[in-house]
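Next come the chains, spelled out residue by residue.
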Amino acid sequence: MNIDDLLNQPLAPVRDDGFSVRVVRRLRASEQRMRLILWGLLAAAFLPVLAVLPYVDIGFHPSAQTLQMLNSQVAPALATILFIIFMWKQRFSRL
Amino acid sequence: MKDAVRLAATGDAAAFGMLVREHQSALRGYLRRLTRGNHALADDLAQETFLEAHRKIAQFQGHGSFTGWLYAIAWSRFLMETRRRKLEPLDDMDEGATPDCDPHLKLDLEKALAMLRPPERSALTLCFALGMPHGEAAEVMQVPLGTLKSHVARGREKLKTLLKDHAP
């Protein structure tokens, strides 16, 4: 057989056997890791701001009614709901 | 640009999954040949290639083919790996032969290819088995066209000599 004919033989097909699924799974895991790192960095960057906030007059003088609402159970519940919606959207928007 | 590539560039994981399924067989075959039949290493390199392609897909502007761009990543990954460690010699061949090919000749071809230098092995595989034009293969390997042609010519001559000894 001629050398060129030999070389022209297509490569033997390689069965997928879950290879593609593993690649996509790794890809998603890596994206999730990057997202967590990003949020971690944002939180770390924001923490010092939160720490000094009570001592700084930023011109925000909430009314007694607003303060009462912030101190109630409503604010944390609202924040939790917003957080869950945000995370759910992040997790499932790409499926 | 193909729709799947354009969709994958917008972050569509399903579209990228389609691209992986479409290209995995040929890419893994190419890397298996480059790694002289080391299937585990070839598959690791193929995974890394796809992950890097996903990270950089937004940079792919559609100049040249997506296939060429993908193989360029694979070739550079392979080079990085060969710098890191010496590859194992060919020890098993479980893929079998293509239907219209004498299995003994095929085995000899793989063995003979394994004895070539990596750029010759890559150039011959890209230009012959994968049917890439010389210009595109040169872009994949990041070498001038003349250098690519030298790799092809030198590889062919070496193969002729090597296969002469194995002729039935």
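Residues numbered from 1 in each chain as written. Chains lettered and ligands numbered in written order. Predicted model: local features only at pLDDT ≥ 70, side-chain atom pairs only at ≥ 80, totals over all residues. Heavy atoms only, no water.

Draft legend 1. Focus on the interface of chain B and chain A. Facing 39 residues of chain B, the contacting portion of chain A comprises 24 residues. Of the roughly 2900 Å² buried where chain B meets chain A, counting both sides, 66% is carbon and sulfur surface. Linking chain B with chain A are 2 salt bridges. Two residues, Arg26 of chain A and Glu48 of chain B, come together in a salt bridge whose shortest N-O distance is 3.1 Å. Across the chain B-chain A interface, the total number found is 7 residue pairs in polar contact (both at pLDDT 80 or more). It is helix H2 (residues 13-34) of chain B that provides the largest number of residues to the side of chain B that touches chain A, a total of 13 residues. Residue composition of the side of chain B that touches chain A, grouped by class: 18 nonpolar, 10 polar and 11 charged. (Contact = heavy atoms within 4.5 Å. Buried area = accessible area lost by both parts, 1.4 Å probe. Salt bridge = Lys/Arg side-chain N within 4 Å of Asp/Glu carboxyl O. Polar contact = N/O pair within 3.5 Å; in protein donor to acceptor, adjacent residues only side chain to side chain. Helix = DSSP H or I, 4+ residues; strand = E, 2+ residues; numbered from the N terminus. Nonpolar A, V, L, I, M, F, W, Y, C, P; charged D, E, K, R; others polar.)

Draft legend 2. Spatial organisation of the packing of aromatic side chains. Evaluation of the coordinates by the stated rule reveals 6 aromatic pairs over all chains. With centroids separated by 5.8 Å and ring planes inclined at 75°, the aromatic side chains of Phe60 of chain B and Phe66 of chain B adopt a geometry described as edge-to-face. Accessibility classification places Phe60 of chain B together with Phe66 of chain B in one group, the buried group. Of the aromatic side chains, those joined through ring pairs into one cluster are Phe60, Phe66 and Trp69 of chain B. For Arg28 of chain B, the ring lying beneath its charged end belongs to Phe19 of chain A, and the centroid distance is 4.3 Å. (Phe/Tyr/Trp six-rings, centres within 6.5 Å; stacked < 30°, edge-to-face > 60°. Buried < 20%, exposed > 50% of the residue type's maximum accessible area, 1.4 Å probe, protein only. Lys NZ or Arg CZ within 6 Å of the ring centre and 35° of its normal.)

Draft legend 3. Inspection of unusual backbone geometry at higher detail. Phi at Asp17 of chain A is positive, roughly 45°, even though this residue is not glycine. What makes Asp17 of chain A exposed here is its relative accessible area of 56%.

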